[in-house]
Amino acid sequence: GITLNKVGFMSHAKSNTHMHVLILLITLSLVRLAVLIASPINLHGDEAQYWAWSRDLDWGYFSKPPMIAWVIALTTAFFGHAEWAVRLSSVLIHPLTAYILFRTGRFLYDSRTGFWAAVLYFLMPAVWLSSGIVSTDVPLLLFWTAALYAWARHRETANLKGAVILGVAMFFLPALLACLIIDRKSRRALLSKSGLVVAGIAGLVLLPNLIWNMANDFATLSHTAANTNLKGGVPFHPLKLAEFWLSQFGVFGPLTLPLLGLALWAGLKGRLGRRARLLCLFVLCPLIIISVQALLSRANANWAVTAYMAGALLTARFIVSKTTPKIANFAKAATGVNIMIGVFLITAALIPTFADRLGAANAFKRVRGWPQTQQAITDLVHTGHEGERFTAIATDNRLAFYDLVYYGLEESAGLKLYMWRHSARVHNHAEATASLQASQSTDGPILIINTYEDYKDELAEDFQTLATLPPVVIDLGGGKTRYLYMWAGYGYTPTKKAER
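Residues numbered from 1 in each chain as written. Predicted model: local features only at pLDDT ≥ 70, side-chain atom pairs only at ≥ 80, totals over all residues. Heavy atoms only, no water.

**Looking at helix α20 (residues 398–406)**
Stage number 1. In terms of residue burial, α20 counts as a mostly covered element, since seven of its nine residues are buried.
Stage number 2. Regarding α20, the residues found buried are A400, F401, Y402, D403, L404, V405 and Y406.
Stage number 3. Its side-chain oxygen 2.8 Å from the backbone nitrogen of L399, N397 forms the N-cap of α20.
Stage number 4. Where α20 terminates, the next one or two residues include G408, which has phi positive at roughly 85°. (Buried < 20%, exposed > 50% of the residue type's maximum accessible area, 1.4 Å probe, protein only. Helix = DSSP H or I, 4+ residues; strand = E, 2+ residues; numbered from the N terminus. Polar contact = N/O pair within 3.5 Å; in protein donor to acceptor, adjacent residues only side chain to side chain.)

In structure tokens:
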């Protein structure tokens, strides 16, 4: 009777926890969807670039694999091309990722651990922010989490189903190799016949993008390698490393990051069991790799975000297994702080003047005023220069290029938009696919949109004649303005300089 009661109680608790997770994910996702639709925020240049890729589907792009373009193509095919439809995949994918984390925590430990893992992930400041934008991180985290779940199951019971999932979703090779070295179960699973299936499927998944890179001078790999900035020796930038680590408080959370630190310490000391020690590898590998990148060159705050999938699981296990009044209260406070950050981000997304009043206008200046910018440039195009019609439009900035394409400059102006290249070397996808050519200036002037200061001399090197036009000045709110220098260029000859 006691055994049955215990089993019944555990099943009931498990069912309740599962329901609580679903309620949280669905309710908060609906809130985020409503905010996404209502928000007046324009697309960032990176988002507009991904949208442009979705209009020309391929197996790869200059700086990224193709998944982001595919998911945007899917959402815009059903809902059109409004900003919210371009960003919709983030709102849909994040709860799925959180649910897989719940299932992983429940499989590795118990339902409470799974619940806390889902909560920690879903309320991360980075997830609040990326729920309002379209980002390559969002599908990456889904596949990373699916691979983590598949690894956990495959480690316990190696079979074809687990091998297929792990092969399709495997994105964490360094941590997996570390598991092979220190964990007997991982070696047994991954060096078996099903392990060969994992390797074979992973290779097949990567093959189309590898073939695309081979056909495009390994553009993605070259771009990634360029970020290491190793030309001329091995520089060291300790301040960049410190900046990267400070930024992680804004990724995982101001209080949840210290909580993760405590969980890592307990996990590495063996106080949370062997599985937790393996999870530490999946946390530390991305953090160490990107920390080295930050030390050598620079690293954006989100580059190590994959660490926080296992980080959420590890922290959840620490909270559940080491529950004391202090830990419980700290975990609740950490969650509360992340919710407050989320409320701030939602308010700023809905009410632009809110961020202005708090002095945060600088953070939003790149996602404001693009329709007005496009209209002002269109008016200049229709005015012409000294009675001559412009034959093309060119800009010196990738982000401006894609935002102006998204907001319809080419349609309203009736002219093609190109990239003026700073050097002969191609630096981005826009330069690779829409570089300004000499033929565009044979019949009249080119309208040049110059976003950077002090570029007149460099522009003058490539044009026989360069005439000054009235600048485009757009009020972005909060004391911020978009100032674009405008030129009429005649007789364009593409630069042959290696670097400028």
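**Topic: the nonpolar core**
Stage number 1. Grouped together as the largest cluster of nonpolar side chains are 70 residues, with contacts concentrated most on Y121, M124, L260, V283, Y308 and L314.
Stage number 2. With 11 residues, helix α16 (residues 307–321) is the largest single contributor of residues to this core.
Stage number 3. For V283, the residues in contact, after removing those within four places along its chain, are L260, L264, A307, A310, G311 and L314.
Stage number 4. The next biggest cluster of nonpolar side chains, apart from the first, holds 44 residues, and it includes Y50, I393, F401 and V472. (Core = buried A, V, L, I, M, F, W, Y, C linked by side-chain atoms within 4.5 Å. Contact = heavy atoms within 4.5 Å.)

**Focus on unusual backbone geometry**
Residues other than glycine predominantly adopt negative phi, and peptide bonds predominantly adopt the trans conformation.
Stage number 1. Residue E386 is not a glycine yet carries a positive backbone phi of 50°.
Stage number 2. Accessibility expressed as a relative area gives 71% for E386, which makes it exposed.
Stage number 3. Positioned with a positive phi, D454 is a non-glycine residue whose angle comes to about 60°.
Stage number 4. For D454, the position within the fold is in the loop between β3 (446–450) and α23 (456–462).

**Quick notes on the packing of aromatic side chains**
Stage number 1. Summed over the entire model, instances satisfying the criterion amount to 16 aromatic pairs.
Stage number 2. A ring pair is formed by Y406 and Y407, whose centres lie 4.7 Å apart and whose planes are at 85°; its orientation type is edge-to-face. Considered together, Y406 and Y407 belong to a single accessibility category, that of buried residues.
Stage number 3. Aromatic ring contacts, followed pair by pair, group W51, Y406 and Y407 into a single cluster.
Stage number 4. In this arrangement the basic side chain of R482 is found over the ring face of W370, its NZ or CZ atom lying 3.8 Å from the centre. (Phe/Tyr/Trp six-rings, centres within 6.5 Å; stacked < 30°, edge-to-face > 60°. Lys NZ or Arg CZ within 6 Å of the ring centre and 35° of its normal.)

**Topic: the packing of helix α2 (residues 45–54) against helix α3 (residues 67–79)**
Stage number 1. Relative to each other, α2 and α3 sit at 75°, their axes nearing to 8 Å. It follows that α2 is roughly perpendicular to α3 by the angle criterion. Residue-level inspection shows Y50, W51, W53 and S54 of α2 in contact with α3, the latter providing I68, A69, I72 and A73.
Stage number 2. Of the residues contributing to the contact of α2 with α3, the split by class is seven nonpolar, one polar and no charged. (Axes fitted to C-alpha atoms, helices over the stretch in contact; angles between N-to-C directions. Parallel < 35°, antiparallel > 145°, perpendicular 65-115°, else oblique. Nonpolar A, V, L, I, M, F, W, Y, C, P; charged D, E, K, R; others polar.)

**A closer look at the pattern of salt bridges**
Pairing between side chains becomes possible if they bear opposite charge and their charged atoms approach one another.
Stage number 1. Applying the stated criterion across every chain, the model contains five salt bridges.
Stage number 2. With its nearest N and O atoms 2.7 Å apart, the salt bridge here joins R87 to E47. Here the residue R87 occupies a position in helix α4 (residues 83–108), and E47 occupies one in helix α2, the gap between them amounting to 40 residues. The burial state of R87 is the same as that of E47; both residues are buried. (Salt bridge = Lys/Arg side-chain N within 4 Å of Asp/Glu carboxyl O.)

**Let's talk about the environment of T145**
Stage number 1. Looking at where T145 falls in the secondary structure, it is placed in helix α7 (residues 137–156).
Stage number 2. Leaving out residues up to four positions away in the same chain, T145 has contacts with T97, I100, L101 and M309.

**Here's the deal with the sheet that holds strand β1 (residues 392–395)**
Stage number 1. Spatial ordering of the open sheet is given by β2-β1-β3-β5-β4, a layout of five strands whose pairing is mixed. Here the strands that pair on one side only, and so sit at the sheet edges, are β2 (417–419) and β4 (463–477). Neighbour to neighbour, the strand axes of the sheet diverge by 25° on average, direction disregarded.
Stage number 2. Across five bridges, β3 lies against strand β5 (residues 480–492) in antiparallel orientation. Residue pairing for β5: L447 is matched across the bridge by A488.
Stage number 3. Against the sheet, α20 contacts β1, β2 and β3, and its axis sits at roughly 165° relative to β2. (Pairing = 2+ DSSP bridges.)

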